[in-house]
Amino acid sequence: ARLDDAAMKRSLARVDLAPTVFPQRIAALIRETDEPIEGVGNWLRAMRFSNPDRERVLLLVSERDLPLTAEMSGPERRRALKRFSPDGLFALLDLASADAHVRGVPDVAAALAPIFESDLDRGIALSTKDLAVTGHDLMTELTMPPSRELGTLMEALLELVLEDPSLNDRATLLARARALRGGST
């Protein structure tokens, strides 16, 4: 897809401001394309990008309109960290910051980055592996077999902890797991 002169100037300015990480530079260059994401993926494949670089560029381009606000709640921030991984989210913030500078709009991403870093420094749970209980704990305490239900229960506990990190305590999570299973043990 072709960019008009103004879009091309913004793209080149964005590349100058983007971190010197190859996938982020490519994403900065093609951020304004109106090409469907499948077309971008096909182009990256044809250009023989490595799979990790292609996946990172596709993430950065497909999520270019990620709603970032200074008022993002703790649960919204934690869910964003879980969804994109810390590396992916900080790459998105870097590009959003470069884009804000190029467009002359307030740089919400730069203001959010230290808040996200603080969330990470507190050791928040971003996956079921970060929970204070394991699948084995649930199988033992709730006499559950390994099953899809067990995985669903672990994900439900993670959602509770994303909403309120103070719940990431073994006794609390076991009690919540029992309640979610309808009290059966």
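These numbers were taken from a predicted model, which means no experiment stands behind them. (Residues numbered from 1 in each chain as written. Predicted model: local features only at pLDDT ≥ 70, side-chain atom pairs only at ≥ 80, totals over all residues. Heavy atoms only, no water.)

> Report on the pattern of salt bridges, specifying residues and quantitative values.
Taken as a whole and judged by the stated rule, the model has 16 salt bridges. The partner of aspartate 119 in a salt bridge is arginine 122, and the shortest N-O contact between them spans 2.4 Å. Overall, arginine 122 belongs to the exposed group, its relative accessible area being 53%. One salt bridge connects glutamate 141 with arginine 178, and the closest N-O pair in it is separated by 3.4 Å. Linking glutamate 141 in helix 7 (residues 135–141) with arginine 178 in helix 9 (residues 170–180), this pair joins segments that are 37 residues apart in sequence. Taking the relative accessible area as the measure of exposure, arginine 178 reaches 28% and is therefore partly exposed. Ionic contacts of the salt-bridge type, sharing partners, join the residues Arg10, Arg14, Arg31, Glu32, Asp99 and Arg103 into one network. (Salt bridge = Lys/Arg side-chain N within 4 Å of Asp/Glu carboxyl O. Buried < 20%, exposed > 50% of the residue type's maximum accessible area, 1.4 Å probe, protein only. Helix = DSSP H or I, 4+ residues; strand = E, 2+ residues; numbered from the N terminus.)

> Describe the nonpolar core, and please don't skip the residues or the numbers.
Generally speaking, soluble globular proteins have nonpolar side chains that are buried together. Counting 33 residues, the largest nonpolar core has Leu44, Val57, Leu68, Leu89, Leu93 and Phe116 as the members making the most contacts within it. Elements represented by at least two residues in this core include exactly helix 2 (22–30), helix 3 (37–46), helix 4 (51–62), helix 5 (74–103) and helix 6 (108–121). Top element by residues in this core is helix 5. It accounts for 10 residues. Among all residues touching leucine 89, those that are not within four sequence positions of it are Leu66, Ala80, Leu81, Phe84 and Phe116. Residues Leu138, Met144, Leu167 and Ala177 belong to the second largest nonpolar core, which totals 17 residues. (Core = buried A, V, L, I, M, F, W, Y, C linked by side-chain atoms within 4.5 Å. Contact = heavy atoms within 4.5 Å.)

> Now, about the environment of leucine 120: what can you tell me, with residues and values included?
You can see leucine 120 is positioned in helix 6. Under the relative-accessibility criterion, leucine 120 is labelled partly exposed at 27%. When neighbours within four sequence positions are excluded, leucine 120 is seen to be in contact with Leu81, Pro86, Phe90 and Leu126.

> Account for the packing of aromatic side chains, with residues named and values stated.
All chains considered together, the criterion is met by two aromatic pairs. Centroid distance phenylalanine 22 to phenylalanine 49: 5.3 Å. Interplanar angle 20°. Geometry classified as stacked. One end of the pair, phenylalanine 22, is in helix 2; the other, phenylalanine 49, is in the loop between helix 3 and helix 4, with 27 residues separating them in the sequence. Plain terms: the ring middles of tryptophan 43 and phenylalanine 49 are 5.9 Å apart, the flat faces sit at 45° to each other, and that makes the pair tilted. Since its relative accessible area comes to 39%, tryptophan 43 is described here as partly exposed. Aromatic rings pair up to connect Phe22, Trp43 and Phe49 into one cluster. (Phe/Tyr/Trp six-rings, centres within 6.5 Å; stacked < 30°, edge-to-face > 60°.)

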